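Chain by chain, the residues:
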Amino acid sequence: MGYLSNAIGKLSHLTHLSLSGNSWISEIPRTLSNLTQLSYLEINHCNLGGDVPNFTNLTNLIYLNLAYNRLTGSITSFISGLPNLGLLFLAENNFTGPLDFDIFAGHQNLEALSLSNIIKGSLPIPSPSLISYDVEGNGFRGEIPEAFCNATSLKVLNLQFNRLSGEIPPCLFNLSNRLELLALDHNDLHGTIPEAFTSSCKLKFLDLGYNRIEGALPRSLANCSFLEALGLENNIIVDTFPIWLSGLPRLQQISLDSNKLHGPLPPKFGVGFPSLCSIDLSDNQFTGNMSDELFDDLYAMQKLRLQRSEIEVAFRLLGEEMTEQYYLSQRSGSNGLQPGSTYHLVSVDLSNNRLVGNVSDSIRNLTGLQNLNLSYNTLTGGIPFSFSDLAQLQSLDLSHNRLSGEIPQGLTQLSFLSQLDVSYNQLTGPIPQGGQLSTFNNGSFIGNAGLCGCPLSKKCGNPEVRAASPNESSSKEDDDSTDVIGWVIRSMGYISGLVVGVVIGRMISDENHDWFVETFGRRQHKKNKKKKQRGIR
């Protein structure tokens, strides 16, 4: 930690300057504008604040990276005089706008742009040379201009987390023969997805989630053989399960939750989908049973895979080739594309549909599974004992169904289980104790009238499964002493009775036998003692 000295401006012949990863408590020195030979300037992740100096003199600057600081002010003030810029990375600062829509029109060599800040206004038009256009997480409003369709060099177009509205220009999908990443999620866009994907489709990531996209899924998506991740969640798509996507050999992640998908699930997910490791179909209207073979042959889920979805975009800078990497994070409401090393969870989410019948026992095959959510359906039967084979499971949600029977003891063997919810079913018996199951509170088990044991307040009725308290032990000892005394007294009574009986028997003659039976035999009544059974409830 320290200050970035003004003396740096005296290095007048400097062409490359990289100070990344330091922790300064100062602003960018104004004297940097004296470095007129500078072509490469990298001061990212340095905690710098304040406005950026006027860089008008740095006409040779090709690479400028000021990302991940606390810089403020307007971008226009310092980039308008940099005609030779090739790469401009200004993400994760506090720059404000608005920007002129043609601010980059004069940058004919600009190939990569990253502007994740709090900039408002209309989207700037990309220059024809742009390969990567990343303005995620700003406040851009209005429609996506059709002029974007002229940016035929684009490989990455990331407009997610803005306030864009209107219809997505249909011609934008025609860029899929070059685009590798198209992220328009978390806006207010509407319209349908056209049948515009040809056999030359290069898309690896397509994310249109959290908009108001309508209509059916375009069947031409089956032409996108490089597709690794498809995100269309939280839209108004009306269709059946797209089993026709199963032929895509690289598809790892499908997020179709919160739409109006309907009809039965396929007999098998595994007919195709050789790389699928995450599928989210929650909050739809799927009906019917889960077949016994539903999860067979999903080979990518049968072992733990530290699988990372990434896209590398190549640029040519100062005669050398460099790459920029983008990672698709695990979908959980509002993650999206993020830099860094983000790995997929192996996950299945079929919650909040209209599924009935038993839980498919074929889930036992998914031994790499980390997240399973079948909540809010109408599933019946028991929790499969084979769930104990899912050794990598971290989260299990079976709540709000009609499951019955006992919770399998084998679940205590799941050492990675950190989230469990079996509430609001018809489960019975004692809650298994030990392992991770002992770490969950009441909320994981409530709504099952037949369940008992810790952490519920309802105790189980079987004394053999309940540890005796000191008072109970003392009472038991007293009872044992009483039982011994009672046994002695009863024994004495039996002996006395035997002697008296023998004497009386000798006194009774054969002729008085019938009278004896008649008099005393009819006074004997059988007493059926009802034994109170204390079962486990």
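Residues numbered from 1 in each chain as written. Predicted model: local features only at pLDDT ≥ 70, side-chain atom pairs only at ≥ 80, totals over all residues. Heavy atoms only, no water.

**Here's the deal with the sheet that holds strand β34 (residues 450-452)**
Thought 1: Spatially, three strands are ordered β31-β33-β34 in an open sheet, and the strand pairing comes out parallel. This sheet does not close on itself; its edge strands, each paired only once, are β31 (404-405) and β34.
Thought 2: One ladder, built from three bridges, connects strand β33 (residues 426-430) with β34; its direction is parallel. Across the sheet, residue Gly 429 finds its bridge partner in β34, namely Leu 451. (Pairing = 2+ DSSP bridges. Helix = DSSP H or I, 4+ residues; strand = E, 2+ residues; numbered from the N terminus.)

**A word on the packing of aromatic side chains**
Thought 1: For the structure shown, the criterion picks out nine aromatic pairs.
Thought 2: Relative to Phe 269, the ring of Phe 241 lies with its centre 5.3 Å away and its plane at 55°, an arrangement referred to as tilted. Taken as a pair, Phe 241 in the loop between β18 (236-239) and β19 (253-255) and Phe 269 in the loop between β20 (260-264) and β21 (278-280) lie far apart in primary sequence, 28 residues in all. Of the two residues examined, Phe 241 and Phe 269, each falls in the buried class.
Thought 3: Connected via pairs of aromatic rings, a cluster forms that spans Phe 241, Phe 269, Phe 273 and Phe 295. (Phe/Tyr/Trp six-rings, centres within 6.5 Å; stacked < 30°, edge-to-face > 60°. Buried < 20%, exposed > 50% of the residue type's maximum accessible area, 1.4 Å probe, protein only.)

**Some words on the side chain of Asn 138**
Thought 1: Following the sequence through the fold, Asn 138 ends up in the loop between β9 (132-134) and β10 (139-142).
Thought 2: Of the polar contacts made by the side chain of Asn 138, one reaches the backbone nitrogen of Ile 118; its length is 3.3 Å.
Thought 3: The contact partners of Asn 138, leaving out residues within four places of it in the chain, are Leu 115, Ser 116, Asn 117, Ile 118, Ile 119, Phe 161 and Asn 162. (Polar contact = N/O pair within 3.5 Å; in protein donor to acceptor, adjacent residues only side chain to side chain. Contact = heavy atoms within 4.5 Å.)

**Quick look at unusual backbone geometry**
Thought 1: Cis peptide bonds are those with omega within 30 degrees of zero, and the linkage from Gly 97 to Pro 98 qualifies with 5°.
Thought 2: Within the secondary structure, Pro 98 is located in the loop between β6 (87-89) and β7 (112-114).
Thought 3: Positive phi, close to 60°, is recorded for Tyr 68, a residue that is not glycine.
Thought 4: Looking at the element boundaries, Tyr 68 is found in the loop between β4 (63-65) and β5 (70-72).
Thought 5: Not every positive phi belongs to a glycine, and Asp 283 is a case in point at roughly 55°.
Thought 6: Inspection of the secondary structure puts Asp 283 in the loop between β21 and β22 (285-289).
Thought 7: The partly exposed category is assigned to Asp 283, whose relative accessible area is 32%.

**Quick notes on the state of the cysteines**
Thought 1: One pass over the full model with this rule turns up three disulfides.
Thought 2: Sulfur-sulfur distance for the disulfide between Cys 452 and Cys 460 comes to 2.1 Å. Its S-S torsion of about 100° marks the bond between Cys 452 and Cys 460 as right-handed, since a negative value means left-handed.
Thought 3: Owing to a relative accessible area of 0%, Cys 452 belongs among the buried residues under this scheme. (Disulfide = S-S within 2.5 Å.)

**Considering the pairing of strand β16 (residues 212-215)**
Thought 1: Bridging between strand β14 (residues 188-192) and β16 involves three bridges; their strand directions are parallel. Bridge pairing in β16 links Gly 191 to Ile 213.

**Some remarks on the pattern of salt bridges**
Opposite charge on two side chains lets them pair, provided their charged atoms get close.
Thought 1: Taken as a whole and judged by the stated rule, the model has six salt bridges.
Thought 2: Among the salt bridges present, the one from Glu 180 reaches Lys 204, with a minimum N-O distance of 3.9 Å. Remark: Lys 204 occurs in the loop between β14 and β15 (205-207) and Glu 180 occurs in the loop between β12 (163-167) and β13 (181-183); sequence separation between them is 24 residues. (Salt bridge = Lys/Arg side-chain N within 4 Å of Asp/Glu carboxyl O.)

**Quick word on the environment of Gln 108**
Thought 1: With respect to the helices and strands, the residue Gln 108 is situated in the loop between β6 and β7.
Thought 2: Separated by 22 residues in the primary sequence, Gln 108 and Gly 86 place their C-alpha atoms 8.5 Å from one another.
Thought 3: Looking at Gln 108, its side chain comes within polar contact range of the main-chain oxygen of Ala 105, at 2.5 Å.

**Some remarks on the sheet that holds β16**
Paired through backbone hydrogen bonds, the strands of a sheet run either parallel or antiparallel to each other.
Thought 1: On the basis of which strands lie adjacent, the open sheet formed by ten strands has the order β8-β10-β12-β14-β16-β18-β20-β22-β27-β29 and parallel pairing. In this open sheet, the two edge strands, each paired with only one partner strand, are β8 (120-121) and β29 (378-380).
Thought 2: Relative to β14, β12 is paired through three bridges, and the arrangement is parallel. Along β14, the bridge assignment pairs Glu 167 with His 190.

**Re the pairing of β20**
Thought 1: Strand direction decides the pairing type here: β18 and β20, joined by two bridges, are parallel. Opposite Asp 239, over in β20, you have Leu 261 as the bridge partner.
Thought 2: Note: β20 against β22, three bridges, orientation parallel. Residue pairing across strands places Pro 264 opposite Thr 287, the latter belonging to β22.

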